[in-house]
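Listed below are the residues making up each chain.
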Amino acid sequence: MAAPDVAPQPGTEWDEAQCTAALALLEHLQAQIDDLRLALPRVIEPFHQPPNPRMFKLYVQGVVGSQNGIKTLREEWKSSETQTMFEHTKKSLTANPDLSASTSIPSHGWTERERKERESRKNKHDESSDEVTLTNEEVTRLISEVQKAWPNLHVDTRDDNHIISVQFVHESVKLKFRVTIERDANGRHTLNGKCLGTTEPFLTITRCIASRPQASDLKYLLNMVAAYTNVKSKECAKCEKIFDNTMSTPMARRSRQIVAADGTTETRWEAFHESCLS
Ligand SMILES: [Zn+2]
C-alpha cells in the first residue's frame, strides 16, 4: 500500500476513458440493484390478480427472474473489473478526500457516453466529416415535424431545447421518454435517449434505444420513440415470434426503407426483440 503522503505515480492515474468506463459500470450495477428492489413485488404480483391459469407460470417467472438477477449482480460485483474499480476509488479517496467536485458529475448517462466514446475512438478516422451541427432552431423544427407526423405524442422541451420529454399511453402503459442534447465546445452534440422507469420493460427499451444506429440523428431518435405507439406487426421482424426464449416481447424499434413499385421510398418501423438485434 502506498503511503498517503506520497503523490500518486503517473502510471496509477486513470485517464478520462477509464473513469467513464468505471462510471458506466457503476451505473450498470446501480440499475441491477434498482431492479432487484422490485424482486418481491414481482414474485407476489400474480397472487394479486384474479385466479387464472397463468398464475403459477408468472410466479415461477418472478422467482427465477429474481434469482438470476441476484446471481448476475453477485458475479459482476465480484468480477476483477468491479473490484479494481473499488480499489482505485479507495486509493483515490485516500489521496484526496475532497469529494465536492463529484456533486457536478451527472449520475446517469455513463453507459451511453462510454459506448459512444468507445465507438468514436474506433471510428475517429472517418467520423470528422459527417457531424452535423444541431442548432436550437433545428431542434424546434424537428420536434414540430415529428409532432405533425405523430399527433398522439405529447412533446415538451425544457432547458432551452436541451431536454425533450415525450410521453404517450401505449397498450395501457404510460411510456415516458427523455432525450437530452449535450453539446461540446466544438459544437458537436451527443444525444441520450432514455425510457423513464427502473423496471421492465422500461430498462430494456432504454437499452434498445441506446444501441440504435445513427446515434447523433435527432430526427431518427424521435421517430424511434414515436414508433413505440405504432408498428404494423407485434411480432419480431427477425424471428417472427411474439416471445423470445426469455419470454420477452419485441421491445426494440428499428426502421427499414421500403421501395414501392413506383420507385418511391417509405420508412417502415418494425419491432425486434432485444436478443434479435444484430
Ligand atoms: Zn425476435
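That block above? That's the structure.
Below is a summary of the structure that appears in this document. Given the structure is predicted, the values throughout are model-derived calculations rather than measurements. (Residues numbered from 1 in each chain as written. Predicted model: local features only at pLDDT ≥ 70, side-chain atom pairs only at ≥ 80, totals over all residues. Heavy atoms only, no water.)

Turning our attention to the overall build of the protein chain. Along the backbone of the protein chain there are nine helices and six strands. On the principal axes, the C-alpha backbone points of the protein chain span a range of 70 × 55 × 30 Å. Within the protein chain, the proportion of its 278 residues that are buried is 31%. Once local pairs closer than 6 in sequence are excluded, the contacts in the protein chain between residues at least 24 apart make up 54%. Split by element, the accessible area of the protein chain, about 17900 Å² in all, is 55% carbon and sulfur. (Helix = DSSP H or I, 4+ residues; strand = E, 2+ residues; numbered from the N terminus. Buried < 20%, exposed > 50% of the residue type's maximum accessible area, 1.4 Å probe, protein only. Contact = heavy atoms within 4.5 Å. Areas by Shrake-Rupley, 256 points an atom, 1.4 Å probe, with all protein chains shown as cover.)

Glancing now at the sheet that holds strand β3 (residues 173–183). Sheet strands pair by backbone hydrogen bonding; their relative direction is either parallel or antiparallel. Reading across from one edge, β1-β2-β3-β4 is the order of the four strands in this open sheet, with antiparallel pairing throughout. At either margin of the open sheet sits one strand with a lone partner, and together these are β1 (154–158) and β4 (189–195). Strand-to-strand twist of the sheet, defined as the mean angle between neighbouring strand axes without regard to direction, takes the value 15 degrees. (Pairing = 2+ DSSP bridges. Axes fitted to C-alpha atoms, helices over the stretch in contact; angles between N-to-C directions.)

Considering all chains together, one arrives at 14 salt bridges under this definition. Of the charged contacts, one joins arginine 37 and aspartate 34 as a salt bridge, the two residues approaching to 2.9 Å between their closest N and O atoms. Taking the shortest distance from any N to any O, the salt bridge between glutamate 114 and arginine 118 comes out at 3.0 Å. Note that glutamate 114 and arginine 118 are positioned in helix α5 (residues 110–122) at a spacing of four residues, about one turn of the helix. Under the relative-accessibility criterion, glutamate 114 is labelled buried at 16%. A relative accessible area of 43% means that arginine 118 is categorised as partly exposed. Residues joined in a network through salt bridges with shared partners are Glu112, Arg115, Lys116, Glu119 and Arg212. (Salt bridge = Lys/Arg side-chain N within 4 Å of Asp/Glu carboxyl O.)

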